[in-house]
Amino acid sequence: MKKARLTKILVEGNRDLLKKMAQQVEKRVEVKVEQPPRKGLVMLKARDSISMQPFYLGEGLVTECSVSIQGKFGFGVVMGEDPERSYQIAVVDAAFNARLPLVDSWIPELEREERNIRQRHFREHVMAEHSRVQFDTMEDYNDKS
């Protein structure tokens, strides 16, 4: 599983699944905390919808953590203040990087969680579409009369 896909699932997915995976790793191997969870700031980049030029919205608060398993590093970063989640993501990332045999059994669960995330996004999109306001300009109004 590619890193970007795994990260998206771990960040947006069910907290209980992430917690379970991190605990499975902790029971089997030694997890060394290289950098304990800490808060930091990152610049938030966006793209102007008209000119398509990138610009920075400002700073965003993140929590980041890094761990190692058998000499392989894992990194976890989440928006906001959530030290537990950043640590758990780092543990799972390190388990994948260390190619622990355990991670192969996670793939079906991660794919199922990815489907759940897609369904949740679709439901949110549908709800937003229902609340969208349609604006008629005066010009359109006068053209109809």
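Residues numbered from 1 in each chain as written. Predicted model: local features only at pLDDT ≥ 70, side-chain atom pairs only at ≥ 80, totals over all residues. Heavy atoms only, no water.

**Some thoughts on the pairing of strand β2 (residues 54–69)**
This is how the line gets drawn: Paired strands are those between which DSSP finds at least two bridges. Per the convention used, a helix needs a DSSP run of H or I reaching at least four residues, while a strand needs a run of E reaching at least two, with both numbered from the N terminus.
Sheet topology note: the strand β1 (residues 32–47)/β2 ladder contains 13 bridges and is antiparallel. Opposite R38, over in β2, you have E64 as the bridge partner. Between β1 and the antiparallel strand that follows it, β2, lie six residues; M52 among them carries a positive phi value of about 60 degrees. Summarising the sheet, β2 and strand β3 (residues 72–79) pair through eight bridges and their orientation is antiparallel. When the sheet's bridge partners are listed, C65 is paired in β3 with G76. Counting the residues that bridge the hairpin from β2 to β3 gives two residues, and of these Q70 lies at a positive phi of roughly 50 degrees.

**Topic: the packing of helix α2 (residues 15–28) against helix α4 (residues 107–130)**
This is how it is decided: Interaxial angle, 0 to 180 degrees, is taken between N-to-C directions of lines fitted to C-alpha atoms, where a helix line uses only the stretch in contact. When describing relative orientation, an angle under 35 degrees is termed roughly parallel and one over 145 degrees roughly antiparallel, while 65 to 115 degrees is termed roughly perpendicular and anything else oblique. Crossing chirality is assigned from the near helix's rotation relative to the far helix, an anticlockwise turn below a right angle marking it left-handed and a clockwise turn marking it right-handed. Contact between two residues is taken to exist if any of their heavy atoms lie within 4.5 Å; hydrogens are not considered.
At a minimum axis distance of 11 Å, the contact between α2 and α4 shows a crossing angle of 165 degrees. In this view, α2 runs roughly antiparallel relative to α4, as classed from their interaxial angle. In terms of crossing hand, the pair formed by α2 and α4 is left-handed. Here L17, K20 and M21 of α2 come into contact with α4, specifically with E109, L110 and E113.

**Comments concerning unusual backbone geometry**
Going by this rule: Only protein chains enter the accessibility calculation, which uses a 1.4 Å probe; a residue whose area is less than 20% of its type maximum is buried, one above 50% is exposed, and one in between is partly exposed.
Phi angles above zero are rare outside glycine, and M52 is one such case at about 60 degrees. In this fold, M52 is placed in the loop between β1 and β2. Of note in the backbone geometry, Q70 takes a positive phi value of approximately 50 degrees without being a glycine. Looking at where Q70 falls in the secondary structure, it is placed in the loop between β2 and β3. For Q70, a relative accessible area of 56% gives the class exposed.

**What about the confidence of the model for the protein chain?**
The line we're drawing: Values of pLDDT, which run from 0 to 100, indicate the predictor's confidence residue by residue.
On average, the protein chain scores 91 in pLDDT, and the residues at 70 or more come to 92%. When pLDDT is averaged over each helix and strand of the protein chain, the minimum, 59, is found for helix α5 (residues 138–144) and the maximum, 97, for helix α3 (residues 83–97).

**A word on the sheet that holds β1**
Where strands meet in a sheet, backbone hydrogen bonds hold them as pairs that are either parallel or antiparallel. On the basis of which strands lie adjacent, the open sheet formed by three strands has the order β1-β2-β3 and antiparallel pairing. On the outer flanks of this sheet lie β1 and β3, each paired with one strand and no other. For this sheet the average axis-to-axis angle between neighbouring strands, irrespective of direction, equals 30 degrees. Where α3 meets the sheet, its contacts fall on β1, β2 and β3, and the angle it forms with β3 comes to roughly 145 degrees.

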